[in-house]
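# A look at the structure
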Amino acid sequence: LTRLGAPLGGHRNPVWSNNGRFIAFVTIRGAAEASVWAVDADGGTPRRLHTVMGAGNLQFSKDDRALFFSGIGSILYRLPIDPVKGSWWLLLEVG
């Protein structure tokens, strides 16, 4: 789904969206930088959605309208997804 070495960093925690449209994953670079990425399941260029220390535990909502993940300090993040276009909104909710 991605070229070897692209994006840079170790690839971890892959998760499929429930509708099979996306795969989200985390890249780790060094001790502090973890980025959440998504790629269309049929290929394409991976998109970096957010960078946060300790990103992990990726999970799509049941209706695939959001991607949830955790960060250091048990912070929960929510990234909304446009259900029609499949685009990722830039709004990031922290709880």
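Placed above this text is the structure.
What follows deals with unusual backbone geometry. Not every positive phi belongs to a glycine, and N57 is a case in point at roughly 55°. Mapped onto the fold, N57 is located in strand β5 (residues 56–60). Phi at D64 is positive, roughly 60°, even though this residue is not glycine. Within the secondary structure, D64 is located in the loop between β5 and β6 (66–71). Residue D64 is classed as buried on the basis of its relative accessible area, which comes to 9%.

What follows covers the pattern of salt bridges. Pairs can form between side chains of opposite charge once their charged atoms are near each other. Taken as a whole and assessed by the stated rule, the structure comprises 2 salt bridges. With a shortest N-O distance of 3.2 Å, R47 and D40 are connected by a salt bridge. R47 sits in the partly exposed class, given a relative accessible area of 29%. Put simply, D63 and R65 hold a salt bridge, and the shortest N to O gap is 3.8 Å. Accessibility expressed as a relative area gives 43% for R65, which makes it partly exposed.

Quick notes on the rules
Residues numbered from 1 in each chain as written. Predicted model: local features only at pLDDT ≥ 70, side-chain atom pairs only at ≥ 80, totals over all residues. Heavy atoms only, no water. Helix = DSSP H or I, 4+ residues; strand = E, 2+ residues; numbered from the N terminus. Buried < 20%, exposed > 50% of the residue type's maximum accessible area, 1.4 Å probe, protein only. Salt bridge = Lys/Arg side-chain N within 4 Å of Asp/Glu carboxyl O.

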